[in-house]
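Report on the structure
Letter by letter, the chains look like this.
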Amino acid sequence: MRYAAIDVGSNAVRLLIADIIENGSEITFKKNTFIRVPLRLGDDAFLDKKIGEKKSDDLVKTMSAFKLLMDVYKVKEYMACATSAMREAENGAELIKRIKTEGDLILKIVEGAEEANIIYSTHIAERLDLNKNYLYIDVGGGSTELSIFVQGKVEDSKSFPIGTVRMLDNADIPETWDEMHTWIKNHTRIYKNLVGIGTGGNINKLFRLSDEKDGKPLSISKLNEIYSQLNAYSLKERISVLGLNHDRADVIIPASEIYLTVMKWASIKQIYVPKVGMADGIIQVLIDKYLKA
């Protein structure tokens, strides 16, 4: 049996098709197919407050193609979620109608808090050391979701409109950074030795560049060192010398800045990178809904 997750983000649109594995009472999933299309909807949404005709057409085509692929893979259930860019685009609802009519696919716009909850559906809390307190940092193209985990449970959570594409477009505002700083200060000062958990495509790439072993945390000094190295290269060099994808080579700089800033403000010395994201969370939501109900 297969489930599918579609994540319509501000930088890229992703399709994850997963094989569902039932072993007695335990239900897990294995990634079968993953496709990422770098549409960068945020460029239109954050600057013009609407998705332009070209990107709208590309999104409808991408979603139609995803639907056809799901049919070929005989996907039983799917869930498609759109985040920050579609939340802010004035023509978001109109685009959803087009996708339903032309692509026969239901897309739902999720708010920041729901986006965070979907990511936590990966049950990451169950794998945490209950004696430690964690700040969960998920950085996307349009927003950053922060949550504090105490004894494996979410104590507090907040979504901020600060993201990599938004920063590249100079569409982030100082007041939002101030608001995030205040929230972090107010919500983290009571916890000593807070540990970070980072999700998102950029932190996964930064972790791979660190050569750390899987499961080991990344120190703030090592992250800062990688950031300085990346920053020393031009955009072209990051693509040709380091082998980064075009749509990763620019956003990885603001992503590094967000992670480093949050870690500094929260006095976090190390961050774990569990390689899960929105699409993994959607698959888990589907499992919880249809198989564990």
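Preceding this section is the structure that the text describes.
What you see is a predicted model, and the numbers here were worked out from it, not measured in a lab.

Within strand β7 (residues 144-150), seven of the seven residues are buried, which leaves the element mostly enclosed by the surrounding structure. Alignment of strand β6 (residues 133-139) against β7, held across seven bridges, turns out to be antiparallel. Across the sheet, the residue bridging to Y136 is S147, located in β7. Between β6 and β7, which pair antiparallel one after the other, the connecting turn spans four residues. Here β7 pairs with strand β8 (residues 153-160) via seven bridges, running antiparallel. The partner of V150 across the bridge, within β8, is K153. Count of turn residues in the β7/β8 antiparallel hairpin: two residues, of which Q151 carries a positive phi of about 50°.

This part takes up helix α12 (residues 252-265). The terminal C-alpha atoms of α12, which comprises 14 residues, lie 20 Å apart, in line with the 20 Å expected from a rise of 1.5 Å per residue. With ten of 14 residues buried, α12 lies mostly within the body of the structure. Residues of α12 that are buried include every one of I252, I253, P254, A255, S256, I258, Y259, L260, V262 and M263, and no others. Looking one or two residues beyond α12, the residue adopting positive phi is S267, at roughly 55°.

Turning to unusual backbone geometry, a few remarks are in order. Across residues other than glycine, the phi torsion is negative in most instances, and most of the peptide bonds are trans. With phi around 55°, D104 is a residue other than glycine that occupies positive phi space. By secondary structure assignment, the location of D104 is in the loop between α4 (92-103) and β5 (107-109). For D104, a relative accessible area of 46% puts it in the partly exposed group. Positive phi, normally seen in glycine, also occurs at D211, with a value near 65°. Mapping D211 onto the fold places it in the loop between α8 (201-210) and β10 (218-219). For D211, a relative accessible area of 69% gives the class exposed.

What follows is about the nonpolar core. L135, I137, L146, M180, Y259 and V262 are the most contacted members of the largest nonpolar core, which has 37 residues in total. For this core, the secondary structure elements donating two or more residues are β6, β7, α7 (174-188), α8, α9 (220-232) and α12. Sequence-distant contacts of Y259, defined by excluding residues within four places in its chain, comprise I137, D138, V139, G198, T199, G200, I203, L223 and I271. Listed in part, the 29 residues of the second largest apolar core include A45, F66, V75 and V165.

With the rule as written, the count across this model stands at 17 salt bridges. With its nearest N and O atoms 2.7 Å apart, the salt bridge here joins R2 to D19. On the criterion of sequence distance, the pair formed by R2 in strand β1 (residues 2-8) and D19 in strand β2 (residues 13-23) is long-range, its members being 17 residues apart. Among the ionic pairs, E88 bridges to R166, the shortest N-O distance being 2.5 Å. Taken as a pair, E88 in helix α3 (residues 84-88) and R166 in helix α6 (residues 164-168) lie far apart in primary sequence, 78 residues in all. A residue is classified by how much of its surface remains accessible, and E88, at 25% relative accessible area, is partly exposed. On the basis of relative accessible area, R166 is assigned to the buried category, the value being 4%. Through salt bridges with shared partners, one network takes in K49, E88 and R166.

Rules used throughout
- Residues numbered from 1 in each chain as written.
- Predicted model: local features only at pLDDT ≥ 70, side-chain atom pairs only at ≥ 80, totals over all residues.
- Heavy atoms only, no water.
- Buried < 20%, exposed > 50% of the residue type's maximum accessible area, 1.4 Å probe, protein only.
- Helix = DSSP H or I, 4+ residues; strand = E, 2+ residues; numbered from the N terminus.
- Pairing = 2+ DSSP bridges.
- Expected span 1.5 Å × (residues − 1).
- Core = buried A, V, L, I, M, F, W, Y, C linked by side-chain atoms within 4.5 Å.
- Contact = heavy atoms within 4.5 Å.
- Salt bridge = Lys/Arg side-chain N within 4 Å of Asp/Glu carboxyl O.

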